[in-house]
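Each chain is listed here by its residues.
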Amino acid sequence: MAKKPVETAETVLEISGLTKSFGTNVVLDGVSLKVAKGQTVCVLGPSGSGKSTLLRCVNWLEKPDQGAVYLAGRRIGMREGGHVAMSSSELARERARIGMVFQHFNLWPHLTVIQNLIEAPIHVQKRNRDEVTAEAETLLERVGLSAKKNDFPSRLSGGQKQRVGIARALAMKPELLLFDEPTSALDPELVGEVVTVMKTLAESGSTMLVVTHEMGFARETADEVILMDGGRIVESGEPAAFFKKPKTERAKQFLQRYV
Ligand code: ADP
Ligand code: MG
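Residues numbered from 1 in each chain as written. Chains lettered and ligands numbered in written order. Predicted model: local features only at pLDDT ≥ 70, side-chain atom pairs only at ≥ 80, totals over all residues. Heavy atoms only, no water.

Enquirer: What should I look at first to understand the pairing of strand S1 (residues 11–22) in this one?
Expert: Along a regular strand, successive side chains alternate from one face of the sheet to the other. Burial analysis of S1 places 9 of its 12 residues in the buried class, the great majority of the element. Sheet topology note: the S1/strand S2 (residues 25–36) ladder contains 9 bridges and is antiparallel. Looking at the pairing, Ser 21 lines up with Val 26 of S2. Here S1 folds back onto S2, and the loop between the two strands holds 2 residues, one of which, Gly 23, carries a positive phi near 60 degrees. Here S1 pairs with strand S4 (residues 66–71) via 5 bridges, running antiparallel. Within the sheet, the bridge partner assigned to Ser 16 lies in S4 and is Ala 68. (Buried < 20%, exposed > 50% of the residue type's maximum accessible area, 1.4 Å probe, protein only. Helix = DSSP H or I, 4+ residues; strand = E, 2+ residues; numbered from the N terminus. Pairing = 2+ DSSP bridges.)

Enquirer: Please clarify how the sheet that holds S4 should be interpreted in this entry.
Expert: The pairing of strands in a sheet comes from backbone hydrogen bonds and takes either a parallel or an antiparallel form. Spatially, S2-S1-S4-S5 is the arrangement adopted by the 4 strands of the open sheet, whose pairing is antiparallel. Looking along the sheet, the strands with just one partner apiece sit at the ends: S2 and strand S5 (74–75). The strands touched by helix H1 (residues 51–58) within the sheet are S1, S2 and S4, with S1 carrying the most contacts at an inclination of about 120 degrees. (Contact = heavy atoms within 4.5 Å. Axes fitted to C-alpha atoms, helices over the stretch in contact; angles between N-to-C directions.)

Enquirer: When you look at the confidence of the model for the protein chain in this model, what are you seeing that I'm missing?
Expert: Fine structural detail should not be taken from predicted coordinates in areas where pLDDT scores are low. Here the protein chain averages 94 in pLDDT, while 96% of its residues score no lower than 70. Across the predicted assembly, pTM comes out at 0.94 and ipTM at 0.98. (pLDDT = per-residue confidence, 0-100.)

Enquirer: What am I meant to see in the packing of aromatic side chains here?
Expert: Any pair of aromatic rings gets described here by the distance separating the centres and the angle formed by the planes. Going through the model one piece at a time under the given rule, you end up with 1 aromatic pair. Between Phe 242 and Phe 243, the aromatic rings sit 5.2 Å apart at their centres with planes inclined by 90 degrees, giving edge-to-face as the arrangement. The two residues Phe 242 and Phe 243 agree in class, both being buried. A cation over an aromatic ring shows up here: Arg 168 above the ring of Trp 108, its NZ or CZ 5.0 Å from the ring centre. The aromatic ring of Phe 243 is capped on one face by Arg 219, whose charged end is 4.9 Å from the ring centroid. (Phe/Tyr/Trp six-rings, centres within 6.5 Å; stacked < 30°, edge-to-face > 60°. Lys NZ or Arg CZ within 6 Å of the ring centre and 35° of its normal.)

Enquirer: How do you make sense of the environment of Val 12 when you look at a structure like this?
Expert: Within the secondary structure, Val 12 sits in strand S1. For Val 12, a relative accessible area of 8% puts it in the buried group.

Enquirer: Any chance you could explain the site of ligand 1 here in plain terms?
Expert: Inspection of the region around ligand 1 gives Phe 22, Asn 25, Val 27, Pro 46, Ser 47, Gly 48, Ser 49, Gly 50, Lys 51, Ser 52 and Thr 53 as its neighbouring residues. One of the backbone N or O atoms of Gly 50 is found 3.1 Å from an oxygen atom in ligand 1. Ser 52 is positioned such that a nitrogen or oxygen atom in its side chain is 2.9 Å from an oxygen atom of ligand 1. Look at ligand 1: alone it shows 560 Å² of surface, and the protein chains cover 59% of it. Sorting the residues of the shell around ligand 1 by element identifies S2 and H1 as the ones contributing at least two each. (Near = heavy atom within 4 Å. Polar contact = N/O pair within 3.5 Å; in protein donor to acceptor, adjacent residues only side chain to side chain. Areas by Shrake-Rupley, 256 points an atom, 1.4 Å probe, with all protein chains shown as cover.)

What follows is the structure, given as structure tokens:
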């Protein structure tokens, strides 16, 4: 069983010894990492290396076979002691502490932009509608979409949809933001506007775990870069060193293909 980590105020996310298999396919093979408060950690790696499964295990959308996930020192998915699974309402409360931004946006098509933002804060977090709406308007301003607040998602470009996706995640005031290839579904000319919003977030002190193929973002913004392959972390380090002088053959190969 995973050991409980030393609790420091600085560690927002700790993943410890996660393993996950689908049938005989070992998708996560002992993954451990930490994200400190205010840090941006970028996860790189080829398709099928387990990146999405790792993110999904963080908020228990996927239940790991072994290992543990701690958010600000509190275990996710399992009750204290680690032997009893959380109830679905306990889990929902824990999940509300983590914002997730998806590759395909996952906006509610039948709700307007502002309704997409306020839905979960009102219904999951039981917060005051007027207060949540005022905050949502500020968030839309922050991502440059105030003018679109009453539009339905179908009227928006991909880049605008993803900026709504980010604002929607922020509306929950999460302690941690997870991004799963947030720009991979976008036309190349729309990537920049989303990356710009993500950089602003990183610089303003958000704590972010970002799966991405945007090497420019990783190089300029990440505090730490992690390369996954075959369900394992094969290299990790500061971006300057990682991109300039990768230590492993695997990282060298990967960078030759992607950069
Ligand atoms: P990545 O995001 O790095 O591309 P994934 O985590 O999506 O990788 O997938 C890793 C491996 O796990 C792949 O082989 C994929 O087919 C498999 N996988 C992911 N989710 C499931 C699932 N729900 N059932 C079965 N296999 C899965
Ligand atoms: Mg993926």
